[in-house]
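Listed below, chain by chain, are the residues.
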Amino acid sequence: MSLCWTLDRYARFITAAHKKSEEEKKSSSWKHFDNTTCPLLMTITDDYHLLITQGSKVLESHNLTTANSIMRGLSRTDSLLILYKVKNETRRFRVRFCQQKNKTGTEMCIIAAQALSNFMAIKMNSETKFDLVKKLQKVESNTDQSLDAHPPVFERDVTIGSLAKAVINKHNLPLAYSQHQTNEEICPHLLHICFSDPTFPAFVESVESAIHQLISDAV
């Protein structure tokens, strides 16, 4: 299920072409877009893409499955700043959220930050962190259903036991562990080889038993 937020404003930081002198560096500026002519929307699609659009125009498009290594965010009141790397250059854009469905722009920003934190690190501004955490807890029950499709990110150190529990529960696996690099075309061939081995079912049972033991040891 895709997630969508209405934006009041979007801004993209424009860097000077060749920043050699201090004067050229000062020419860098923000280019602003508002919703007066066309609706501004921020969307997380079903296939984990972050889109920012103004009518039919795509202003930002990012693959969130690789976002953790190249993207970071900063949330403050009703605004969200996103930084990302392109080769050796750091780019940035920011959005300000509109009131939506009886929720303030700040509350909508919190919900969006919570959704994006499944894919990248989102830092709360120190002045508002306490209030944001409280509000996140308040709106959590309203967003759980929408966020089921987006696996949560474990905080701090990840234990073997917690990963084992995530594998058994299936729906709690973090994004970094829910992908693989194996070509899907060879999966049927691999399965055919595995099931051709008469010892394979017993091996699967032993693996499942070992996973449950890891979970028990972690409790």
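These figures come from a predicted structure and were not determined experimentally.

Asker: I'm lost on the nonpolar core in this one. Help?
Answerer: Inside soluble globular proteins, nonpolar side chains tend to come together where they are buried. In this structure, W5, M42, V95, F97 and L116 are the most contacted members of the largest nonpolar core, which totals 30 residues. For this core, the secondary structure elements donating two or more residues are β1 (3-14), β3 (40-44), β4 (49-54), β7 (79-86), β8 (89-97) and α3 (105-116). The element contributing the most residues to this core is α3, with seven residues. Those residues in contact with F97, other than ones at most four positions away along the chain, are W5, T6, L7, D8, M42, D78, L80, G105, M108, C109 and A112.

Asker: Even after reading the chapter, I still don't get a nonpolar patch on the surface, so can you show me in this structure?
Answerer: A cluster of nonpolar side chains, I186, L190 and I193, forms an exposed patch at the surface whose accessible area comes to about 250 Å². Its location among the elements puts L190 in helix α6 (residues 187-196).

Asker: Help me understand unusual backbone geometry, please; the structure alone is not making it clear to me.
Answerer: Where the residue is not glycine, phi is negative for most of them; where a peptide bond is considered, it is trans in most cases. Although it is not a glycine, T77 sits at a positive phi angle of roughly 45°. Its location among the elements puts T77 in the loop between β6 (71-76) and β7. The phi torsion at K101 lies on the positive side, around 50°, for a residue other than glycine. Mapped onto the elements, K101 comes out in the loop between β8 and α3. In this structure K101 comes out as exposed when scored by relative accessible area, which is 74%.

Asker: What is the right way to read the environment of L41 from this model?
Answerer: For L41, the position within the fold is in strand β3. Owing to a relative accessible area of 27%, L41 belongs among the partly exposed residues under this scheme.

Asker: Just to check I follow, could you spell out the pattern of salt bridges for this structure?
Answerer: A side chain with one charge may pair with a side chain of the opposite charge, provided their charged atoms come close. The final tally for this structure, using the stated rule, is two salt bridges. Taking the shortest distance from any N to any O, the salt bridge between R12 and E60 comes out at 4.0 Å. Note that R12 is positioned in strand β1 and E60 in strand β5 (residues 57-63), a separation of 48 residues in sequence. Of the residues examined, R12 reaches a relative accessible area of 24% and is grouped as partly exposed.

Asker: Where do I start with the packing of aromatic side chains in this structure?
Answerer: For any two aromatic rings, the description comes down to two numbers: the centre-to-centre distance and the angle of the planes. Applying the stated rule across the entire model yields five aromatic pairs. With a centroid separation of 5.4 Å and 45° between ring planes, the pair formed by Y10 and F33 is classed as tilted. Linking Y10 in strand β1 with F33 in strand β2 (residues 29-34), this pair joins segments that are 23 residues apart in sequence. Judged by its relative accessible area of 0%, Y10 is buried.

Asker: Even after reading the chapter, I still don't get the pairing of β3, so can you show me in this structure?
Answerer: Side-chain direction in a regular strand flips from residue to residue, so the side chains alternate between the two faces of the sheet. Most of β3 sits inside the fold, with four of its five residues counted as buried. Pairing of β1 with β3, which is carried by five bridges, proceeds in the antiparallel orientation. Its bridge partner lying in β3, L3 is registered against I44. The pairing of β3 with β4 spans five bridges and is classified as antiparallel. Each residue of the ladder has a partner; that of T43, found in β4, is L51.

Asker: I would appreciate a short explanation of the confidence of the model for the chain in the present structure.
Answerer: Interpretation of the predicted coordinates at a detailed level should be avoided for regions scoring low in pLDDT. Chain-level statistics for the chain give a pLDDT mean of 76 and a share of 67% at 70 or above. Within the chain, no element has a lower average pLDDT than helix α4 (residues 129-147), which sits at 48, and none a higher one than β3, at 94. Across residues 143-153 the pLDDT falls below 50, and counting only partners more than four positions away or on other chains, this stretch makes 32 contacts in the model.

About the cut-offs
- Residues numbered from 1 in each chain as written.
- Predicted model: local features only at pLDDT ≥ 70, side-chain atom pairs only at ≥ 80, totals over all residues.
- Heavy atoms only, no water.
- Core = buried A, V, L, I, M, F, W, Y, C linked by side-chain atoms within 4.5 Å.
- Buried < 20%, exposed > 50% of the residue type's maximum accessible area, 1.4 Å probe, protein only.
- Helix = DSSP H or I, 4+ residues; strand = E, 2+ residues; numbered from the N terminus.
- Contact = heavy atoms within 4.5 Å.
- Patch = residues over 30% accessible without salt bridge, like charges linked within 9 Å, V, L, I, M, F, W, Y side chains within 5 Å.
- Areas by Shrake-Rupley, 256 points an atom, 1.4 Å probe, with all protein chains shown as cover.
- Salt bridge = Lys/Arg side-chain N within 4 Å of Asp/Glu carboxyl O.
- Phe/Tyr/Trp six-rings, centres within 6.5 Å; stacked < 30°, edge-to-face > 60°.
- Pairing = 2+ DSSP bridges.
- pLDDT = per-residue confidence, 0-100.

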